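Chain residues, written in single-letter form:
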Amino acid sequence: MTRKPDVAIDDPTDFSAVERRLGVSRRTFLKFCTGIAASFGLGTQAAMAMAKAIASPMRPPVIWLHGQECTGPTESLLRSEQPSFEHLILDLISLDYHQTLDAGAGHRVEEIKREAMKKHHGKYLLVIEGAIPTAQNGIFCKIGGQTMMDATREAAEGAAAIVAFGSCASWGGVQSASPNPTGATGAPQFLQGKTVVTIPGCPPNPANFLGTVLYFVTYGKLPPIDDKGRPKWAYGRLIHENCYRRPHFDAGRFATQFGDEGHRQGWCLYKLGCKGPETYNNCPSLEYNNIGGNVWPIGVGHPCFGCSEQGTGFNKPMFSLAEVKTHTPPNAFPNIADRQEPASSTVAAAAAVAGAVVGVLLGATAATGKKLDGKQETSQSGDKGA
Amino acid sequence: MDRRNFFKASLGATVASAAAVASTGARARPNLDPAPEAVGMLFDATLCVGCKACVTKCKEVNGMPPVPMGGDVHADFALDLSAQTLNVIKIHTEGKGAVKDALADGFAFEKRSCMHCVDPGCVSVCPVKALIRHPRTGIVGYDADVCIGCRTCMTGCPYNVPQYDYNDAFGKIHKCQMCNQKGVERIDKGMMTGCAEACPTGATLFGTRTALLEEAKRRMALKPGEVYNYPRGDIRKPDSFHEKAAPEYQRTVWGEKEAGGTNVMHLSSIPYDKLGMPPLPERSYASISEGVQSTLYSYLALPAIALGGFTWLVKRNTESDRKGGQE
Amino acid sequence: MNHRYQALDNRPLFTPFFLLMLAIAAIGAVFLVIRFVTGIGTVANLSGGYPWGIWVVYDIVVGTALACGGYALAVTVYLFNKGKYHPLIRPALATSLLGYGFAALGAFVDMGRYWNAYNMFLPWQMNTHSVMLEVGLCVATYVLVLAIEFSPTVLEWLRRQTGWQMKADAWRGRLDKMLFFFIALGILLPTMHQSSLGSFLIAMGYKVHPLWQTLHIQPLLAVLSAFTMGFAIVIFEGSLLTTGFKRHPETHLFSGLGRIIMGLISAFLVIRFAYLAIAGKLGAMFALDLGSLMFWIETALFAYPLAVLASPVKRENGRHLLFAAVSMLLAGSLYRFDAFLITYNPGPGYSYFPALPELIMTVATIATEIALYLFIIKKFPVLPREEHAAA
């Protein structure tokens, strides 16, 4: 589904309105857009397109549902800083319903939600945060008397696009840990048949959410997603593939206990149960909290527990060994029949010499044979007796 | 050929054949038994994740240099065992090579190092006892001080393990000595082998051959998918465990019986020949070779008898020469 | 004083051919120095899967079989009392001495830790199960025995040097009393080590192609073929000497040897095919692979002498005897090359072909042997004396 902006901008390069609104310089604003575009693997043209989209006053309405959750995704979004992230996101979209951020409360807010959904039917972006409990008809999560199941189904009806934000909404999260008494499920599993973009993580990296929304606002469609609904630009690689400690894994240097020599040297945490080798996410590239300095779980010395990966996070024990899902370069292996020494390059010459030697032998034999034929037998070479 | 010579030739051929036939039966020695306190290792290919920690540790313990790939001196990329590599991890792939330990479109890792055979071919063929099987532990050790570099051990090893260093004018044979060679002596000091210690998943497990064989059989008896607590390190006192669902193993442990068996045994879900294991009967070739040699040369009895016979004949046939002067 | 033998001292030593042999030997010597200074890897293509190349397989295994002329004739003349072949013995001994001497030297060149070779002779260091030990000790002893067997020739030369006659005669007298024992040794020892050279193949197990892996009868086939090659080499070299030095042909003697060769080849082929049939390997002969191809080439080379020498007319013809002999030599050599190298398979990924320096060193060894042989027959009374030149 593509949509063009309703209002065109007179001067496409004049971002003065945006700068005032966001309280940043033009330079900082364009740097930010270029950075986001780069995360997608796109170039400056895309950056400009995104800048224009942000400058455009078109703001798609967003309905934001909360199920079984700790509000971690929202909180992580609010913690972002460059620039005034919450302002940016709130200026980019019209957040018509958000249980945490709404100023109002109670039944009135629920009414506003239903009005917004009716007014923008088919046009609003639905964000789901938190899992949807399905056991016993969903009584384990009710908002304003309505079960999360019903609320989700209702909101999904008129949504132009659905984004599941956080592991809980993506596949059930911590609630779904065995034995899962509330029947917690993720939005894709609940909304069978509908396309749901998932941004898993506990909490997810806010840049992954922002980037996806920005892509949608710029191009009017969702970025390429994998079979689990995850944007490929963010979740296409294992943490193991980009982890800065990967050389230690490849060289066999492992920390075996917290605080031991290897741990203090910053060695690979695989033996401590790091699930990086089986978890898809871009934490090693983006890190967290926007302060650099290697601030992300592995960077601060704790093994990844696979928070974004269904089947790993909240399922496999924290310190059990991960399954290594892939072996990308430079960790290459010789094949069974590979051998160490190559044959010498003088083999051809040797073959020629060998042939020549055999030739000489046969030639000498033939020549000798011919001469023998011409000789007379004599009794000279005699028998001298014993 | 006249009749007389024909009979003589036939008689000679018959005697020779009889001796040959006799050598098949007489004094044929059976495979050697495992050493009384045999130690070894169990490599479970399904547990190996290809991290190559064992390769690095082996180089460290044995003081071996890395084998660089191309011009990059920082990456060790040994293709196979060599004078610089006593232990190597190799990969087997089939089709797309996407699923670990699967037969179709699968891949699997294999560890290659000395198998420390129960009936070692290298020990049997070495003329000067440079390779010896330790009487108590069964470890096959190498003594460069008596080695003559004839490389017969390399021909006699079914796994092509011993590697002579052709690029050294005073080259030696190089092979894994279970970290127990002079100057290292980890086993003597009560430690385990370096590779078993480094292995994060317990794919390489150290212990007595008996205990390891029991463990291997236990694993093969598991139902595929059954969760098992895999030990890590030394099987007698594991330093940790990890839980994993058991795969479908091959029906046999490699090294229980092949050519007399090995102290370093392998488990796998892929057929062993695909992992590079050679086609070996249960009877070791060493035992056959020794059987033939001892039949012919035991106590040098046959040679002495033959020499006696030859001497008598030659003396008789040269009688006239000695009586008549020079020949 | 015996004038039955003569040195060919009326012929010049430094002929163009002789100088060519020396030139090749010199090139080999250069590589020899390189081998000892920088290691085997600089000159040879040996690897983990192919630790033995042409140095072992030609210089030692094939080379000693080609040097079995002394062995073959010793059995014929001294065991079976066929005195008429006696004049062939000295040239055969010269060839054997050179062949075995250079095989021993070649072994040293091939040995990776040659300075430790004395360990083979220390009783407490010997592994008596080892085939390599047997070969090493036996060949070393046999070289000494050959030297002793050849010493009558040397003593005859010595007694003609000024002032040496009495000493030489005295030594010759003592030697003659004991020579029979050394001749007996010279029959025992090759039987032992030539069979052991075949026994090497047993421990190699599956690496040897099924058509060559005859396990328990490796020693029998090895000694049988080596013994046969001994007769063949006598005919080959004798023929070359006849034409090269315009001497009287010895066809009637070679004819007798030819009959012996026929019997031996027949025995060899019968035993070999019988074993392959009993061991269920006949199918491998028709597998349309390298192994079956080499097998039939070999068999053809073994069978050709039988076909040729079956005819009594051809058996009295020098040319046919020579071709039959060369065919047998090629057959026996190929049998060894095939078993140890050509059809040998240590596993996937390995391959071997000699490097150029490696091959040149072998060719240089042969050239040196030829040069030394020419020197010996020209300086020492090795060849039977001829009163009349051939027509």
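Residues numbered from 1 in each chain as written. Chains lettered and ligands numbered in written order. Predicted model: local features only at pLDDT ≥ 70, side-chain atom pairs only at ≥ 80, totals over all residues. Heavy atoms only, no water.

A.B. asks: I'd like a description of the overall build of chain A, backed by residues and values.
C.D. replies: Of the regular secondary structure elements, chain A holds 16 helices and 9 strands. By the burial criterion, 49% of the 386 residues in chain A qualify as buried. Residue pairs at least 24 apart in sequence account for 73% of intrachain contacts in chain A once pairs closer than 6 positions are excluded. Accessible area for chain A stands at about 17,800 Å²; split by element, carbon and sulfur atoms hold 54% of it. (Helix = DSSP H or I, 4+ residues; strand = E, 2+ residues; numbered from the N terminus. Buried < 20%, exposed > 50% of the residue type's maximum accessible area, 1.4 Å probe, protein only. Contact = heavy atoms within 4.5 Å. Areas by Shrake-Rupley, 256 points an atom, 1.4 Å probe, with all protein chains shown as cover.)

A.B. asks: Explain the sheet that holds strand β14 (residues 264-267) of chain B to me, using residue names and the numbers behind them.
C.D. replies: Residue and element names in this part refer to chain B. In spatial order, the strands read β13-β12-β11-β1-β14; together these 5 strands make up an open sheet with mixed pairing. Each end of this open sheet is capped by a strand with a single partner; those strands are β13 (237-245) and β14. The mean angle between the axes of side-by-side strands here comes to 35°, regardless of whether they run parallel or antiparallel. With 8 bridges connecting them, strand β12 (residues 227-234) and β13 associate as antiparallel partners. Across the sheet, proline 231 pairs through a bridge with phenylalanine 241, a residue of β13. (Pairing = 2+ DSSP bridges. Axes fitted to C-alpha atoms, helices over the stretch in contact; angles between N-to-C directions.)

A.B. asks: Tell me about helix α8 (residues 218-244) of chain C, residues and numbers included.
C.D. replies: Residue and element names in this part refer to chain C. With 27 residues, α8 should reach 39 Å at 1.5 Å per residue; the first-to-last C-alpha distance of 38 Å fits that figure. Within α8, 25 of the 27 residues are buried, which leaves it mostly tucked inside the rest of the structure. Within two residues after α8, lysine 246 carries a phi angle of roughly 50°, on the positive side. (Expected span 1.5 Å × (residues − 1).)

A.B. asks: Requested: an account of helix α16 (residues 347-373) of chain A, with residues and values cited.
C.D. replies: The end-to-end C-alpha distance of α16 of chain A, which contains 27 residues, comes to 39 Å, matching closely the 39 Å that a straight helix rising 1.5 Å per residue would cover. Within α16 of chain A, burial applies to Ala350, Thr365, Thr368, Gly369 and Leu372 of chain A.

A.B. asks: So what about the interface of chain A and chain C? Which residues, and what values?
C.D. replies: Quoted interface sizes are often the accessible area lost when the parts come together. In this assembly, 33 residues from chain A lie in contact with 42 residues from chain C. Around 3,200 Å² of area is buried between chain A and chain C when both sides are counted, 67% of it from carbon and sulfur atoms. Remark: the boundary between chain A and chain C carries 1 salt bridge. Residue arginine 319 of chain C is joined to aspartate 373 of chain A by a salt bridge in which the shortest nitrogen-to-oxygen separation is 2.7 Å. (Buried area = accessible area lost by both parts, 1.4 Å probe. Salt bridge = Lys/Arg side-chain N within 4 Å of Asp/Glu carboxyl O.)

A.B. asks: Explain the nonpolar core to me, using residue names and the numbers behind them.
C.D. replies: If you look at the biggest cluster of nonpolar residues, it comprises 229 residues, and the most contacted ones within it are Tyr159 of chain B together with Phe200, Leu257, Phe340 and Ile377 of chain C. With 17 residues, helix α7 (residues 165-204) of chain C is the largest single contributor of residues to this core. Excluding residues that lie within four positions of it along the chain, phenylalanine 340 of chain C makes contacts with Trp52, Val57, Val61, Leu197, Phe200, Leu201 and Met204 of chain C. Judged by nonpolar contacts, the second largest core, of 40 residues, contains Ile36, Phe40, Phe165 and Leu210 of chain A. (Core = buried A, V, L, I, M, F, W, Y, C linked by side-chain atoms within 4.5 Å.)

A.B. asks: So what about the packing of α8 of chain C against helix α9 (residues 251-278) of chain C? Which residues, and what values?
C.D. replies: All names here are of chain C. At their nearest, the axes of α8 and α9 sit 10 Å apart, and the two run at 155° to each other. Classified by the angle their axes make, α8 and α9 are roughly antiparallel. Once α8 is placed against α9, the crossing between them reads as left-handed. In this structure, α8 contributes Leu220, Leu221, Leu224, Ser225, Phe227, Thr228, Phe231, Ala232, Val234, Ile235, Gly238 and Ser239 to the contact, and α9 contributes Phe254, Leu257, Gly258, Ile260, Ile261, Leu264, Ile265, Ala267, Phe268, Ile271 and Arg272. Of the residues contributing to the contact of α8 with α9, the split by class is 17 nonpolar, 5 polar and 1 charged. (Parallel < 35°, antiparallel > 145°, perpendicular 65-115°, else oblique. Left-handed = near helix turned anticlockwise from the far one by under 90°. Nonpolar A, V, L, I, M, F, W, Y, C, P; charged D, E, K, R; others polar.)

A.B. asks: Now, about the interface of chain B and chain C: what can you tell me, with residues and values included?
C.D. replies: Between chain B and chain C, the contact holds 67 residues from the first and 76 residues from the second. Summed over both partners, the interface of chain B with chain C comes to about 6,200 Å²; 59% of that surface belongs to carbon and sulfur atoms. Put simply, chain B and chain C have 1 salt bridge between them. One salt bridge in this structure joins aspartate 110 of chain C and arginine 151 of chain B, with 2.7 Å as the shortest N-O distance. Counting across the interface, chain B meets chain C through 36 residue pairs in polar contact (both at pLDDT 80 or more). (Polar contact = N/O pair within 3.5 Å; in protein donor to acceptor, adjacent residues only side chain to side chain.)

A.B. asks: Report on the state of the cysteines, specifying residues and quantitative values.
C.D. replies: Here, disulfide denotes a covalent bond that connects the sulfur atoms of two cysteines. On inspection of all chains with the given rule, the structure shows 0 disulfides over all chains. Sulfur of cysteine 122 of chain B: no disulfide; nearest cysteine sulfur belongs to cysteine 157 of chain B and is 6.3 Å away. On the basis of relative accessibility, which here comes to 9%, the residue cysteine 122 of chain B falls in the buried class. The closest cysteine sulfur to the non-disulfide-bonded cysteine 68 of chain C is located on cysteine 138 of chain C, 11 Å from its own sulfur. (Disulfide = S-S within 2.5 Å.)

A.B. asks: Describe the pairing of strand β1 (residues 39-44) of chain B, naming the residues involved and giving the relevant values.
C.D. replies: All names here are of chain B. By the criterion of burial, β1 is predominantly enclosed, with 6 of the 6 residues buried. The alternating pattern of β1 places Val39, Met41 and Phe43 and Gly40, Leu42 and Asp44 on opposite faces, both of which are buried. As paired elements, β1 and strand β11 (residues 204-208) share 5 bridges and run antiparallel to each other. Across the sheet, the residue bridging to leucine 42 is leucine 205, located in β11. For β1 and β14, the ladder comprises 4 bridges, and the chain directions are parallel. In the strand pairing of β14, methionine 41 is matched with valine 264.

A.B. asks: Quick rundown of the sheet that holds strand β4 (residues 88-93) of chain B? Include the residues and the values.
C.D. replies: All names here are of chain B. In space, the 3 strands of this open sheet follow the order β4-β6-β5, with mixed pairing throughout. Edge strands, defined here as strands with exactly one partner in the open sheet, are β4 and β5 (99-100). Pairing of β5 with strand β6 (residues 106-112) involves 2 bridges; the strand directions are parallel. Bridged to valine 99 within β6 is glycine 106.

A.B. asks: So what about the environment of asparagine 167 of chain B? Which residues, and what values?
C.D. replies: Looking at the element boundaries, asparagine 167 of chain B is found in the loop between β9 (163-164) and β10 (173-174). C-alpha of asparagine 167 of chain B to C-alpha of leucine 81 of chain B: the two residues are 86 residues apart in sequence and 15 Å apart in space.

A.B. asks: Let's hear about the environment of glycine 83 of chain C: which residues, and what values?
C.D. replies: Residue and element names in this part refer to chain C. Tracing the backbone shows glycine 83 in the loop between α4 (69-79) and α5 (89-110). Overall, glycine 83 belongs to the buried group, its relative accessible area being 11%. Distance from glycine 83 to glutamine 6, taken between C-alpha atoms, is 19 Å for residues 77 residues apart in sequence.

A.B. asks: Which residues make up unusual backbone geometry, and what are the values?
C.D. replies: Omega for the peptide link from serine 178 of chain A to proline 179 of chain A comes to 5°, which places this bond in the cis form. Topologically, proline 179 of chain A is positioned in the loop between α8 (167-171) and β8 (184-185). Residue proline 203 of chain A follows cysteine 202 of chain A across a cis peptide bond; omega there is 0°. Relative to the helices and strands, proline 203 of chain A is located in the loop between β9 (196-199) and α10 (206-219). Here phenylalanine 314 of chain A, not a glycine, exhibits a phi torsion of approximately 60°, which is positive. One can find phenylalanine 314 of chain A in the loop between α15 (283-286) and α16. Although it is not a glycine, lysine 52 of chain B adopts a positive phi angle of roughly 65°. Note that lysine 52 of chain B resides in the loop between β1 and α2 (53-62). Given the relative accessible area of 14%, lysine 52 of chain B is considered buried.

A.B. asks: Account for the confidence of the model for chain A, with residues named and values stated.
C.D. replies: Residues and elements named next belong to chain A. On average, residues of chain A score 84 in pLDDT, and 87% of them are at 70 or above. Mean pLDDT values for the elements of chain A range from 64 in helix α5 (residues 85-92) up to 97 in strand β4 (residues 132-133). For residues 3-11, every residue scores under 50 in pLDDT, and the model assigns this stretch 8 contacts once sequence neighbours within four places are set aside. Here residues 377-386 scores under 50 on pLDDT; set against residues more than four positions off or in separate chains, the count is 23 contacts. (pLDDT = per-residue confidence, 0-100.)

A.B. asks: Describe the side chain of threonine 299 of chain C, listing the residues and the values that go with them.
C.D. replies: All names here are of chain C. With respect to the element layout, threonine 299 can be found in helix α10 (residues 290-309). For threonine 299, a relative accessible area of 9% corresponds to the buried category. Apart from residues no more than four positions distant in its own chain, threonine 299 is found in contact with Leu269 and Phe273.

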